[in-house]
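As a plain string of letters, each chain reads:
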Amino acid sequence: VSGRSLLLRTASRAETVEIGRKLAQLLLPGDIVILRGELGAGKTALTTGIIAGLGSTDQVTSPTFTIMRHHDLPAEQSGAGRQVLHLDAYRLASADDAEDIGLLELLDNGAIAIIEWGERLLGALGSEYLDIELAHVDEDDDVRTMTITGFGDRWNALDLSVVSC
Ligand SMILES: Nc1ncnc2c1ncn2[C@@H]1O[C@H](COP(=O)(O)OP(=O)(O)OP(=O)(O)O)[C@@H](O)[C@H]1O
Ligand SMILES: [Mg+2]
C-alpha cells in the first residue's frame, strides 16, 4: 500500500545534499531507501547528504563498481555504533543478489541501506521502504524534481514534510 507522496523541487546539487541531510533525521536501523532516476539525476548527491546527516564524515563516492560501500556511524548517533550501506544496483542481475552480497543479513543486523537503482532489488526487500524518484526537468539546467513516497506501515505513520522545511 502506497503512503502519501511528497514532491520537492531542487535547483542545485547543494540543495539536493541538504534535503538528504534532513531525510537522514527520519532514518532508523534497518531502514531501506530506494533511489530511482536516470543517469545524473542526483542519486549519489542525495546519498551524500543522507550519509552526512547520519553523522558519517566519510567522503561518499559512487559504488558503481564495488556494488556496496559501508560507512560506519558514530556511536552517539546510533546506540551501538551502526553502519549505513550505499549500494548501486545498476549492475546487479536480479533481486537474488540482495541475498548473495549479504545485504539482507546486514539489514537484519540494523544497518541502514541506501540503494541507487534500488527498484532492481525490490523483489527481495519486503514491503517497507522509502522510495525516492529523481528526475531532470530540463537537460540543460540544474533543476530536479524529487518524489518521496513511503511504503509500509512504518512510513505511512511518518510525516515526510519535515524534509521540506
Ligand atoms: N539539483 C541537482 N541535484 C543533484 N545533482 C545536480 C543538481 N543539479 C545539477 N546536478 C549535477 O548532476 C549530477 C548528479 O550526479 P549524481 O552522481 O548524483 O547522479 P546519479 O543519479 O547518482 O547518477 P548515476 O545513475 O550515474 O549513479 C552531478 O554532476 C551534480 O553536480
Ligand atoms: Mg550515482
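Residues numbered from 1 in each chain as written. Chains lettered and ligands numbered in written order. Predicted model: local features only at pLDDT ≥ 70, side-chain atom pairs only at ≥ 80, totals over all residues. Heavy atoms only, no water.

Engineer: When you look at the site of ligand 1 in this model, what are you seeing that I'm missing?
Structural biologist: Taken together, 17 residues form the shell around ligand 1, and within it T10, T16, K43, T44 and D142 come nearest. Separating an oxygen atom of ligand 1 from a backbone N or O atom of A41 is a distance of 3.2 Å. The side chain of K43 places a nitrogen or oxygen atom 2.7 Å from an oxygen atom of ligand 1. In the complex, the protein chains occlude 75% of the 640 Å² of accessible area that ligand 1 would expose alone. Looking at the shell around ligand 1, the elements with two or more residues in it are helix 1 (13-24) and helix 2 (43-53). For the shell around ligand 1, a count of residues per class yields five nonpolar, six polar and six charged. (Near = heavy atom within 4 Å. Polar contact = N/O pair within 3.5 Å; in protein donor to acceptor, adjacent residues only side chain to side chain. Areas by Shrake-Rupley, 256 points an atom, 1.4 Å probe, with all protein chains shown as cover. Helix = DSSP H or I, 4+ residues; strand = E, 2+ residues; numbered from the N terminus. Nonpolar A, V, L, I, M, F, W, Y, C, P; charged D, E, K, R; others polar.)

Engineer: Which parts of the structure should I look at to understand helix 1?
Structural biologist: Because each turn of an α-helix spans 3.6 residues, side chains separated by three or four positions end up pointing in the same direction. Between the first and last C-alpha of helix 1 there are 17 Å, a value that for twelve residues agrees with the 16 Å anticipated at 1.5 Å per step. Three or more residues of helix 1 are buried, namely T16, V17, I19, G20, L23 and A24. Along the axis of helix 1, the buried positions cluster into a sector of 155°, meaning they face one direction only. (Expected span 1.5 Å × (residues − 1). Buried < 20%, exposed > 50% of the residue type's maximum accessible area, 1.4 Å probe, protein only. Arc of directions from axis to C-beta.)

Engineer: Mind showing me how you'd approach the coordination of the magnesium ion (ligand 2) here?
Structural biologist: Four donors placed tetrahedrally around a metal ideally meet at 109.5 degrees, and six donors placed octahedrally ideally meet at 90 or 180 degrees. At this site the magnesium ion (ligand 2) is bound by T44 (OG1) and E116 (OE), with donor distances of 2.1 Å. Taken together, the residues span a long stretch of sequence, with T44 in helix 2 and E116 in strand 5 (residues 112-116) at a distance of 72 residues. (Donors = N, O, S within 2.8 Å, 3.2 Å for Na, K, Ca; no water.)

Engineer: Whenever I open this one, unusual backbone geometry confuses me. Can you help?
Structural biologist: A negative phi holds for most residues other than glycine; trans holds for most peptide bonds. Phi is positive for I67, which is not a glycine, with a value near 70°. Tracing the chain through its elements places I67 in the loop between helix 2 and strand 3 (68-72). Look at W117: it is not a glycine, yet its phi comes out positive at around 55°.

Engineer: Mind showing me how you'd approach the pattern of salt bridges here?
Structural biologist: Charged atoms that come close allow side chains of opposite charge to pair. Under the defined criterion, the tally for this structure stands at three salt bridges. Between R154 and D31 there is a salt bridge; the shortest N-O distance is 2.5 Å. Here D31 lies in the loop between helix 1 and strand 2 (32-36) and R154 lies in helix 7 (residues 153-156), a separation of 123 residues in the sequence. Here D31 falls in the buried class, since its relative accessible area comes to 7%. The shortest N-O distance in the salt bridge between R36 and E133 comes to 3.7 Å. (Salt bridge = Lys/Arg side-chain N within 4 Å of Asp/Glu carboxyl O.)

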